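Fold and geometry: a report
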Amino acid sequence: MWNFNSPKISYGRDSLEVLENFSGKKALIITDEALSSLKYDELVSKIFEKSETILVKPKEPSKEEAVELSEKIREKEPEILVALGGGSVIDLVKAARILSEVDIEPEEITPFTNLEELGFKGRSYFVAIPTTSGTGSEVTWAIVLRDEREKRKIIMANEKVIPDLAVVDPVFVEKLPKKLVVSTGFDALSHAIEAFLSTFSNPFSDALSVKAIEIILKNFEKSYEGNLEAREKMHISATIAGLAFSNSQVGLVHALSHAFGAIFDIPHGESVAAFLHPVLEFYKKKGVGRLDELSKYVGVDILKEVRRLSERFGVKKIFEFDFEGKINEIVKKAMEDSCIVTAPLIPEEEDLKNLLEEIACMREKS
């Protein structure tokens, strides 16, 4: 038996107006300092008669920050909880919302944890408003937090984590910097591709994956060049890709990028962008047949197209890091990552070492 999980989704231009249905409720808006400087929080707060805004740091959140925010949510007792931001802000609020009601460690938020039995009631109606076009966090049951002490990323998931409402309004990505257009675009593309290749793929996730890839390939470069229509389509495609992988899961690209990002403290989207093509090449060499099937569905050679986009946007620059001395550590963390379980093949440690050594050699030659 399969279940398909999704929040209610309001999307397209002026979709923010859906919040007028809750205007009389007490709202707590959580966003980061950079977005507040653009006055994006004011676009939301003016809808509510009673609202308060909490600013958080614009970086990938730690579990300590999630606990700290949970205490503020408990104190404020909002009727509407709004996460306005990229995946980092939304993931932070996802975790804090659970922790505000349930006394557990963040790592205990798993697919097998019965949060209702532990006291979770969903006291605040949860709205997620993405301001980047990549993570899909506004529709997923996953959370990623940093563990500063152990230099690793904690991957959590539970159905109760999913927001009640996702508002996918392109007004929030019209001023997206080109660097973020690239990293979030590759993040969305990797979600769609890995969801299709996942061992948990299914007819629903496959259909979403293929459609997301079609939209991304047609609009990625135009969005980078500033075309607002293309940027709106990329915004919607990221949510579609989020639905795909939330109902299928990802694989080795994310396992490696989580490990690499935790060790070198680099944004998730950048590490995903860098690993996508090498991992797909690895899959091809290992005979993963669904790559050809995916190419057939979208009408282009996926491997060639990902390579072209990688070269077009120079994503290999991330490998300027001198990581050869860290290969064993990267491999260890990747093999322990839950994402690797649903990869189309689970590699041997030696396979990953060889892959990283090949990438290191490519870096030296470039």
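Our subject in this report is the structure included herewith. (Residues numbered from 1 in each chain as written. Predicted model: local features only at pLDDT ≥ 70, side-chain atom pairs only at ≥ 80, totals over all residues. Heavy atoms only, no water.)

The next subject is the pattern of salt bridges. One pass over the full model with this rule turns up 29 salt bridges. Salt-bridge contacts for Glu68 lead to Lys72; the nearest nitrogen and oxygen are separated by 3.9 Å. Of the two residues, Glu68 and Lys72 are both situated in helix H3 (residues 63-76); the distance of 4 residues between them amounts to about one turn of the helix. With relative accessibility at 45%, the residue Glu68 sits in the partly exposed group. In this structure, the salt-bridge partner of Arg308 is Glu305, at a minimum N-O distance of 2.8 Å. On the criterion of helical spacing, the pair formed by Arg308 and Glu305 is a turn pair, its members being 3 residues apart in helix H11 (residues 302-313). A relative accessible area of 34% places Arg308 in the partly exposed class. Residue Glu305 is classed as buried on the basis of its relative accessible area, which comes to 17%. (Salt bridge = Lys/Arg side-chain N within 4 Å of Asp/Glu carboxyl O. Helix = DSSP H or I, 4+ residues; strand = E, 2+ residues; numbered from the N terminus. Buried < 20%, exposed > 50% of the residue type's maximum accessible area, 1.4 Å probe, protein only.)

Our focus in this paragraph is the environment of Ala192. In this fold, Ala192 is placed in helix H5 (residues 178-197). For Ala192, a relative accessible area of 0% corresponds to the buried category. Distance in space between the C-alpha atoms of Ala192 and Leu35 is 27 Å, their sequence separation being 157 residues. Setting aside its immediate chain neighbours within four residues, Ala192 contacts Ser209, Ala212, Ile213 and Ala241. (Contact = heavy atoms within 4.5 Å.)

Moving on: the side chain of Asp351. By secondary structure assignment, the location of Asp351 is in helix H13 (residues 349-365). In contact with Asp351, other than residues within four places in its own chain, are Phe282 and Lys286.

Okay, helix H9 (residues 268-285) next. Under the 1.5 Å per step criterion, the end-to-end length of H9 is 26 Å for 18 residues, consistent within 8% with the ideal 26 Å. Extensive coverage of H9 is indicated by the burial of 14 of its 18 residues. Within two residues after H9, Gly287 carries a phi angle of roughly 80 degrees, on the positive side. (Expected span 1.5 Å × (residues − 1).)

In this section: a negative patch on the surface. Judged by side-chain charge, Glu348, Glu349, Glu350 and Glu357 come together as a negatively charged surface patch. One can find Glu348 in the loop between helix H12 (327-336) and H13. Residue Glu348 is classed as exposed on the basis of its relative accessible area of 56%. (Patch = residues over 30% accessible without salt bridge, like charges linked within 9 Å, V, L, I, M, F, W, Y side chains within 5 Å. Areas by Shrake-Rupley, 256 points an atom, 1.4 Å probe, with all protein chains shown as cover. Lys, Arg positive; Asp, Glu negative; His and termini not counted. Charge placed at Lys NZ, Arg CZ, Asp CG, Glu CD.)

If you look at soluble globular proteins, the nonpolar side chains tend to sit buried side by side. Residues Ile193, Leu280 and Tyr283 are the most contacted members of the largest nonpolar core, which totals 70 residues. At 10 residues, H5 tops the list of elements feeding residues into this core. Those residues within four positions of Ile193 in sequence are excluded, and the remaining contacts are Ile213, Leu276, Leu280, Leu294, Ile302 and Val306. Counting residues in each nonpolar core, the second largest holds 29 residues, with Ile73, Ala95, Ile109 and Ile143 among its members. (Core = buried A, V, L, I, M, F, W, Y, C linked by side-chain atoms within 4.5 Å.)

Turning to empty space enclosed by the protein, a few remarks are in order. All chains considered together, the criterion is met by 1 cavity of 30 Å³ or more. Reported here for the largest cavity is a volume of approximately 50 Å³. Along its surface, the largest cavity is lined by Ser133, Leu176, Val181, Thr184, Gly185, Ser223, Arg231 and Met234. Of all the secondary structure elements, the ones that give two or more residues to the lining of the largest cavity are H5 and helix H7 (228-246). The greatest single-element share of the lining of the largest cavity, amounting to 3 residues, is contributed by H5. When grouped by side-chain class, the residues that make up the lining of the largest cavity number 3 nonpolar, 4 polar and 1 charged. (1 Å grid on protein atoms, 1.4 Å probe; cavity = no way out; pocket = protein on both sides within 12 Å on 5 of 7 lines; lining within 4 Å. Points joined across faces, edges and corners; volume = space filled by probe spheres on them. Nonpolar A, V, L, I, M, F, W, Y, C, P; charged D, E, K, R; others polar.)

The next subject is unusual backbone geometry. Backbone geometry places Asp14, a non-glycine residue, at a positive phi of 70 degrees. Examined against the element boundaries, Asp14 turns out to sit in the loop between strand E1 (8-11) and strand E2 (26-32). At Lys39, a position not held by glycine, the phi torsion is positive, near 65 degrees. On the basis of relative accessibility, which here comes to 48%, the residue Lys39 falls in the partly exposed class.

For helix H8 (residues 252-264), which comprises 13 residues, the first-to-last C-alpha distance of 18 Å matches the rise-based estimate of 18 Å (1.5 Å per residue) to within 8%. Along H8, 13 of the 13 residues are buried, which leaves the element largely enclosed by surrounding structure.

Taken in spatial order, the 6 strands line up as E1-E8-E5-E4-E2-E3 in an open sheet, and their pairing is parallel. Only two strands of the sheet have a single neighbouring strand rather than two, namely E1 and strand E3 (50-56). Geometrically, the sheet is characterised by an average inter-axis angle of 20 degrees between neighbouring strands, direction not taken into account. The sheet contact formed by E1 and strand E8 (residues 165-168) spans 4 bridges and is parallel. Directly across from Tyr11, in E8, lies its bridge partner Val168. Each of E2, E3 and strand E4 (80-85) is contacted by H3, which is oriented at about 160 degrees to E2, the strand it contacts most. (Pairing = 2+ DSSP bridges. Axes fitted to C-alpha atoms, helices over the stretch in contact; angles between N-to-C directions.)

So, about the environment of Lys178. You can see Lys178 is positioned in helix H5. Expressed as a C-alpha distance, the spacing of Lys178 and Ser223, which sit 45 residues apart in the sequence, is 8.8 Å.

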